[in-house]
Amino acid sequence: MNKTTYTPSLSVILSCKGEIDILTENLQALDQQDLNKNLWNLVFIMFENQFKKILSIDKLKLFPHYEYLILSQKKPIYELRNKALENIKSPILYFIDEDTILNHKNQLSQIVKLHNTYPNTTVIGGSYTNHPNCSLWGRSYNWIASLWMTVHPYYLPAGNLSLKNKKFKSRFYSPQPEGFGGEEVYFLEQLKKENLKILQIKDIDIFHLAKHSMKEFYSRVFCHAYSLAFQKNRKSHWQLFKLFFNQRGTFLIKTISLSYLLGVKLLSFYYKLIKKKR
């Protein structure tokens, strides 16, 4: 992490995979924010093999205050965000991903305003909306995310999640070997156990530039099924099916999404059976 005496009011924590075209668009949207750049900074969280590639991006010059947090590739993915929790001192942390792109120029100023408006709420976030360049499979994934958040208003996605930088024990965690899948669900559930408030605000939904291929889309079935198998409250998954036919969406996207949800449910039973045998 770069050493600096500068302490901003807000830190934007940007999780990077190293897809330069998407990251460049993300930085362009951040550059257009109406919040004075001297009031916030940008923190890149990444694995060590991505550092040189991201450092070469010309648009970094647009930001007077930015720094890096670098994680060893031996660590699980969720530890990227945990490292930010442990190292960033700003009063407000705003987590976004490389492919979650701000679609309002006042997004950051809204985040600050909302935290001032709700002083007793620890976490404030929104959902995803389709970026114009989403793939069909990406749109289907975003549709499922929207359905999920209708059932669970406080299960905010990690790519659009802000929080007051208070002392709490909660950390991101996923039971997946790679550390990906359901890490924000675990984090938010732990916060609720600490009696901390979580609020979803529709006005701060952001673009999710999801370019999933069919293979990538269905590979997430395994991640989510594995996470579901370890959850104590599994009844909520059935509520997704109850809302399924009332949720707006094209026939094709709803058909794809239904196959995804069924796959998650069936595989979770399999993973739970293996867990019991151990």
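In what follows, the accompanying structure is described. The residue count restarts for each chain, going from 1 along the sequence in the order it is written. Under the rules for a predicted model, residues below a pLDDT of 70 receive no local features and side-chain atom pairs below 80 are neither given nor counted, while totals for whole chains, interfaces and linings still include all residues. Here the side-chain values reflect all heavy atoms present in the structure, with hydrogen atoms and water set aside.

As for the pattern of salt bridges
Then, in step 1: Between Lys or Arg on one side and Asp or Glu on the other, a salt bridge is scored when a side-chain nitrogen of the former is within 4 Å of a carboxyl oxygen of the latter. Applying the stated criterion across every chain yields a total of six salt bridges.
Then, in step 2: A salt bridge links K61 to D58; its shortest N-O distance comes to 3.1 Å.
Then, in step 3: Of the charged contacts, one joins D205 and K202 as a salt bridge, the two residues approaching to 3.0 Å between their closest N and O atoms.
Then, in step 4: Among the charged side chains, a network of salt bridges with common partners joins R81, D97 and E183.

Some words on helix α3 (residues 79-87)
Then, in step 1: Turning to α3, its buried residues are L80, R81, N82, A84 and L85.
Then, in step 2: Looking at the buried residues of α3, the elements they touch are β1 (10-15), β2 (40-47), β3 (66-71), β4 (92-97), β8 (160-164) and α6 (183-193). Per-residue accessibility, obtained with a 1.4 Å probe over protein chains only, is compared with the maximum for each type, and a residue is labelled buried under 20%, exposed over 50%, and partly exposed between these values. Secondary structure elements follow DSSP: runs of H or I no shorter than four residues count as helices, runs of E no shorter than two count as strands, and numbering proceeds from the N terminus. Contacts are assigned to residue pairs that have any heavy atoms within 4.5 Å of one another.

Things to note about the side chain of D99
Then, in step 1: Among the structural elements, D99 can be located in the loop between β4 and β5 (100-101).
Then, in step 2: Although buried, D99 forms no salt bridge, and the nearest oppositely charged side chain, K17, lies 4.6 Å from it.
Then, in step 3: Polar contacts, as counted here, are pairs of nitrogen or oxygen atoms within 3.5 Å of one another; within protein the pair requires one atom able to donate a hydrogen and one able to accept it, and residues that are adjacent in sequence qualify only if both atoms are side-chain atoms. Within the structure, the side chain of D99 is placed 3.3 Å from the side chain of H208, a separation counted as a polar contact.
Then, in step 4: With near-sequence residues (within four places) excluded, D99 lies in contact with I22, N26, F207, H208 and L209. Note on charges: Lys and Arg go in the positive column, Asp and Glu in the negative column, and His and the chain ends are not counted at all.

Some points on the sheet that holds β1
The strands that make up a sheet pair up through hydrogen bonds in the backbone, lying either parallel or antiparallel.
Then, in step 1: Here the rule is simple: two strands pair whenever DSSP picks up at least two bridges between them. Read across the open sheet, the seven strands follow the order β3-β2-β1-β4-β8-β6-β9; overall the sheet is mixed. Because the sheet does not close on itself, it has two edges, and the strands there are β3 and β9 (197-200). Looking at each pair of strands side by side, their axes are set apart by 20° on average, direction ignored.
Then, in step 2: Bridge count between strand β6 (residues 121-125) and β9: four bridges; the pairing is parallel. Following the sheet pairing, T121 is matched in β9 by K197.
Then, in step 3: Simply put, an axis is a line fit to the C-alpha atoms, just over the touching stretch for a helix, and the angle between two N-to-C directions goes from 0 to 180 degrees. Across the sheet, helix α1 (residues 20-31) lies against β1, β2 and β4, angled at about 165° from β2, the strand it touches most.

Section: the pairing of β4
Then, in step 1: Of all the six residues making up β4, six are buried; the element is thus mostly covered by neighbouring parts of the structure.
Then, in step 2: Neither face of β4 is open: one carries I92, Y94 and I96, the other L93, F95 and D97, and all of them are buried.
Then, in step 3: Of the strand pairs in this sheet, β1 and β4 are connected by six bridges, and their pairing is parallel. Across the sheet, residue I13 finds its bridge partner in β4, namely F95.
Then, in step 4: The sheet contact formed by β4 and β8 spans five bridges and is antiparallel. Bridged to Y94 within β8 is S162.

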